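Residues per chain are reported as follows:
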Amino acid sequence: MSIISVRNAIKDALAEEMRRDDKVFLQGESIGKYGGCFKVTEGLIDEFGPRRVKDTPLSESVIVGSGIGAALYGYRPVVEIMFADFMALAMDQMVNNAAKMRYMHDGKQDLPIVIRAPQGAGMTMGPHHSQSVEAWLMNIPGLKIVLPSNAYDAKGLLKSAIRDNDPVIFLENKLLYNEKGEVPDGEDYTVPIGKAKVVREGKDLTIISYSHMMKKVLKVAETMQKQGIEIEVVDLRTLRPLDVETITESVKKTGRALIVHEATVFGGAGAEIATTIQKEAFDYLDAPIERVGAVESPVPFSPVLEDAYLPNEEKIIKAVNNMLNL
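Definitions and limits used
- Residues numbered from 1 in each chain as written.
- Predicted model: local features only at pLDDT ≥ 70, side-chain atom pairs only at ≥ 80, totals over all residues.
- Heavy atoms only, no water.
- Helix = DSSP H or I, 4+ residues; strand = E, 2+ residues; numbered from the N terminus.
- Contact = heavy atoms within 4.5 Å.
- Domains from an automatic or database assignment.
- Buried area = accessible area lost by both parts, 1.4 Å probe.
- Salt bridge = Lys/Arg side-chain N within 4 Å of Asp/Glu carboxyl O.
- Polar contact = N/O pair within 3.5 Å; in protein donor to acceptor, adjacent residues only side chain to side chain.
- Nonpolar A, V, L, I, M, F, W, Y, C, P; charged D, E, K, R; others polar.
- Buried < 20%, exposed > 50% of the residue type's maximum accessible area, 1.4 Å probe, protein only.
- Pairing = 2+ DSSP bridges.
- Phe/Tyr/Trp six-rings, centres within 6.5 Å; stacked < 30°, edge-to-face > 60°.
- Lys NZ or Arg CZ within 6 Å of the ring centre and 35° of its normal.
- Axes fitted to C-alpha atoms, helices over the stretch in contact; angles between N-to-C directions.

With respect to the side chain of Gln27
Next, step 1: Structurally, Gln27 is set in strand S2 (residues 24-28).
Next, step 2: Not counting the four nearest positions on each side in its chain, Gln27 is found in contact with Lys54, Thr56, Ile63, Ser66, Gly67, Val78, Val79 and Glu80.

Observations regarding the domain arrangement of the protein
Next, step 1: Under the domain assignment, the protein is made up of domain 1 (2-183) and domain 2 (197-323).
Next, step 2: A separation of 26 Å is found between the C-alpha centroids of domain 1 and domain 2.
Next, step 3: Across the contact, 31 residues belong to domain 1 and 24 residues belong to domain 2.
Next, step 4: Summing both partners gives a buried area of about 2,200 Å² for domain 1 against domain 2, and 58% of it is carried by carbon and sulfur.
Next, step 5: Along the contact surface separating domain 1 from domain 2 lie 2 salt bridges.
Next, step 6: Two residues, Asp153 and Arg237, come together in a salt bridge whose shortest N-O distance is 3.2 Å.
Next, step 7: Across the contact surface, domain 1 and domain 2 share 12 residue pairs in polar contact (both at pLDDT 80 or more).
Next, step 8: For the side of domain 1 that touches domain 2, the secondary structure elements donating two or more residues are helix H6 (134-138), strand S6 (144-146) and helix H7 (151-163).
Next, step 9: Residues belonging to the side of domain 1 that touches domain 2 are distributed by class as follows: 16 nonpolar, 11 polar and 4 charged.

Quick word on the pairing of S2
Next, step 1: Of all 5 residues that make up S2, 5 are buried, and the element is covered over most of its length.
Next, step 2: Examined bridge by bridge, S2 and strand S4 (residues 76-80) share 5 bridges and lie parallel to one another. Paired with Gly28 across the bridge in S4 is Glu80.
Next, step 3: Pairing geometry for S2 and strand S3 (residues 53-55), over 3 bridges, is parallel. Bridge pairing in S3 links Gly28 to Asp55.

Points about the packing of aromatic side chains
Next, step 1: According to the stated counting rule, one finds 5 aromatic pairs in the structure shown.
Next, step 2: Arranged with centres 6.1 Å apart and planes meeting at 80 degrees, the rings of Phe25 and Tyr75 form a pair that is edge-to-face. One end of the pair, Phe25, is in strand S2; the other, Tyr75, is in the loop between helix H3 (60-72) and S4, with 50 residues separating them in the sequence.
Next, step 3: For Tyr75, a relative accessible area of 36% gives the class partly exposed.
Next, step 4: Ring centres of Phe38 and Phe83 lie 5.6 Å apart, and the angle between their planes is 75 degrees; this geometry places the pair in the edge-to-face category. Of this pair, Phe38 sits in the loop between S2 and helix H2 (44-48) while Phe83 sits in the loop between S4 and helix H4 (91-98), and the two are 45 residues apart along the sequence. You'll find Phe38 and Phe83 in the same group, each marked buried.
Next, step 5: Positioned above the aromatic ring of Tyr75 is the side chain of Lys23, whose terminal nitrogen or guanidinium carbon lies 4.6 Å from the ring centre.
Next, step 6: For the cation-ring pair, Lys39 lies above Tyr34, with the distance from its terminal atom to the ring centre recorded as 3.5 Å.

Overview of the sheet that holds S4
Next, step 1: If you walk across this open sheet you meet the 7 strands as S3-S2-S4-S5-S7-S6-S12, and the pairing is mixed. At either end of the open sheet lies a strand with only one pairing partner, and these are S3 and strand S12 (238-240). Averaged over all adjacent pairs, the angle separating strand axes in this sheet is 20 degrees, with direction ignored.
Next, step 2: Each of S2, S3, S4, strand S5 (114-119) and strand S7 (168-173) touches helix H1 (residues 6-20); the most contacted strand, S2, lies at about 135 degrees to it.

So, in structure tokens, the structure goes:
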């Protein structure tokens, strides 16, 4: 095993899949010689050349649209949107073309495209470069949505996404890029899309989360353990398809469910997860389902306001205490 960053885990996944399959190529703004805004693709053009690591015009619609065209011709493009906020500019291509392609062709047309994008706040980049956008896309049948929380999953999930024959949205939290974790040496492994993971066992309450919030949730679980509270933690890893079975079994076990995500609470992924729990495990609940998310506001630029905007350990602990009547 090696200890590597999430950034390098993603880079390794891209390189390995490009070596494995010459139909895999990358394209996006400044991903070639510059190496990408967050240096995820740095050095790949030296090995694979500009025909497979393509710098594109500053047009998100063109980046995704041309990737869709290449996928229709049998290629497996991995396209990068420099910031997830800019996916709004490619929404027509993602929603009305990529997501609907298989349905419109009676299930016979593959569309193997991966759309990568960094998202999330905490770097004082202001309201146009810091949003968490997963809820924008959760309502669209035909798209798979993946949000890894660690290096092992980032590599394994990206490899699965590239091999998938349907469009996959791969959202990378910017604050995770430097986080390090164990990844197997020289092993061609994948992590299945659509399968959550219980990363910590407990009996008193289930916290369901994903992406960068997992770091905060696990710290809360450690803190509460000192008070004799055993929290079970579920890392969703994928929002579409949603692993209903793992969520339901955990909540049935603990009787309480807290959902934590960085995006604002209203209309967020937590609402769909809560409804699923309500339907599948209502008779097992010993307390109302709760959610913790960002303040109902655009992401502030000011560091002080941004800190106040984001969910943190204190807010999560407060919700846990309320649910347990502590």
